[in-house]
Amino acid sequence: MVNLMPFERENIAQIEGYLPGEQPSSSDVIKLNTNENPYPASPLVAETLSKIEVDELRRYPSALADEFCGLASRVHNVNPENIIPTNGGDELLRLILTTFAGENDTLAITSPSYSLYPVLANIQGCSLTEIPLDKDLNYPNELAELLVDSSAKICFLVNPHAPTGGLLPVKFIDKLASNFKGVLVVDEAYADFVDPALRYDCIPLINKHKNLLLLRTLSKGYSLAGLRFGYGLGDSELISPIKYKTRDSYNTDYISQQLACAALSSREYAMSTWEKIRQSRKFLSTKLEQLGLKSWPSQTNFLLVQIPDNPGAEYIYKKLKLDNILVRHFDVNNLNNKIRITIGSEDENKRLISSLVNILRI
Ligand SMILES: Cc1ncc(COP(=O)(O)O)c(C=O)c1O
């Protein structure tokens, strides 16, 4: 195709953009494709939204979302200087690359992982080192050594992992942060759904490691994907260039700051949804197993499900779609024989199972 717009940078012209999951306009669709929370945000969020006056939008918001930083610092037992609020977790990922990686630098990731990572690396023009999971999607035994030896400037590790849902323990992150010479980013978009019995908490590590940056988001755990609010946690020196140099002047808006504060101050409500989702995760994986479908042990709000070649993952994806149920099928190596199913509400999960029973004619 002739490029009629030769204004893009060379590397932008050559890349494919990020392909987001489908967002159907009909509310009849059971949406189990983009890992949203099936329960509404807390009543305090709704109340706060209903009280926002349009006149409050006349002024710029707090540039650094000070109230949110204060609140989040108390929730996580860190200092406000350790927190950088962003326009969704995705903005934080982009800012990390803008701030820490030049064109001659390398980003290390595992493959597969969040499909936005390679896109962001390409936009920034830096190189990518991808460490493949094995054919069963387990991390290689020497994962830490491979990451350290990559000499990457930045490593993005998603924990718990997407799309498998597997969890690396805190001890692993602690040791890796000690040995890795660059910035170690642990993308904890799904950390809220980890079983509390596992005592997974990497936040205290930010006081120990000056190169460790954690990503959190309100999109999943707090049912606010449409709000676009996330934040990073790290040593104040590490995040200060993002706060004071690379961030957009007002990167989070007034309404999202207000609602993010409401969400965090009614955290117990969100926690009750995490527990329900954990229960449903168990229910769904057991039911899938009864249908002969293996899923990976997950600490997230989704399950990656292996689909036998007959009938094939794409077939199941399409059949579910015809039945108004959206799941995610990634047509890429190692994932094209699997589907990823977001844990829905109890009713949605039951509908999914009965649809699968029909499709598989069990
Ligand atoms: C692994 C991972 N990290 C980060 C994000 C970013 O989330 P958001 O930009 O909605 O905060 C997502 C969203 O799907 C994700 O799956």
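Rules used throughout
Residues numbered from 1 in each chain as written. Predicted model: local features only at pLDDT ≥ 70, side-chain atom pairs only at ≥ 80, totals over all residues. Domains from an automatic or database assignment. Contact = placed C-beta atoms within 7 Å. Helix = DSSP H or I, 4+ residues; strand = E, 2+ residues; numbered from the N terminus. Nonpolar A, V, L, I, M, F, W, Y, C, P; charged D, E, K, R; others polar. Buried ≥ 20, exposed ≤ 12 C-beta atoms within 10 Å, placed from the backbone. Arc of directions from axis to C-beta. Axes fitted to C-alpha atoms, helices over the stretch in contact; angles between N-to-C directions. Parallel < 35°, antiparallel > 145°, perpendicular 65-115°, else oblique.

### Section: the domain arrangement of the chain
Parsing the chain into structural domains produces domain 1 (21–41 + 269–360) and domain 2 (43–265). Inter-centroid distance (C-alpha atoms) of domain 1 to domain 2 is 25 Å. Taken together, the contact pairs 24 residues of domain 1 with 23 residues of domain 2. For the side of domain 1 that touches domain 2, the secondary structure elements donating two or more residues are α10 (267–290) and β9 (302–306). Among the elements that line the side of domain 1 that touches domain 2, the one with the most residues is α10, at 5 residues. Considering only residue class, the side of domain 1 that touches domain 2 consists of 13 nonpolar, 8 polar and 3 charged.

### Digging into helix α5 (residues 116–124)
Those residues of α5 that fall on the buried side of the exposure criterion are Tyr 117, Leu 120, Ala 121 and Gln 124. Summarising the axial view, the buried residues of α5 lie within an arc of 100 degrees, below the 170-degree limit, and thus occupy one face. Contacts made by the buried residues of α5 are with α4 (88–100), β3 (106–111), β4 (127–132) and β5 (154–158). Where α5 ends, the next residue or the one after it, Gly 125, has phi of about 80 degrees, a positive value.

### Observations regarding the environment of Leu 93
Within the secondary structure, Leu 93 is located in helix α4. Sequence separation between Leu 93 and Val 185 is 92 residues, and the spatial gap between their C-alpha atoms is 8.8 Å. In this structure Leu 93 touches Leu 116 and Leu 120, once residues within four positions along its chain are discounted.

### Regarding the packing of α10 against helix α12 (residues 346–360)
Taken N-terminus to C-terminus, the directions of α10 and α12 make an angle of 10 degrees; their axes are 11 Å apart at the nearest point. In terms of orientation, α10 lies roughly parallel with respect to α12. From α10, Ser 280, Phe 283, Leu 284 and Lys 287 reach across to α12, where they touch Glu 346, Asn 349 and Ile 353.

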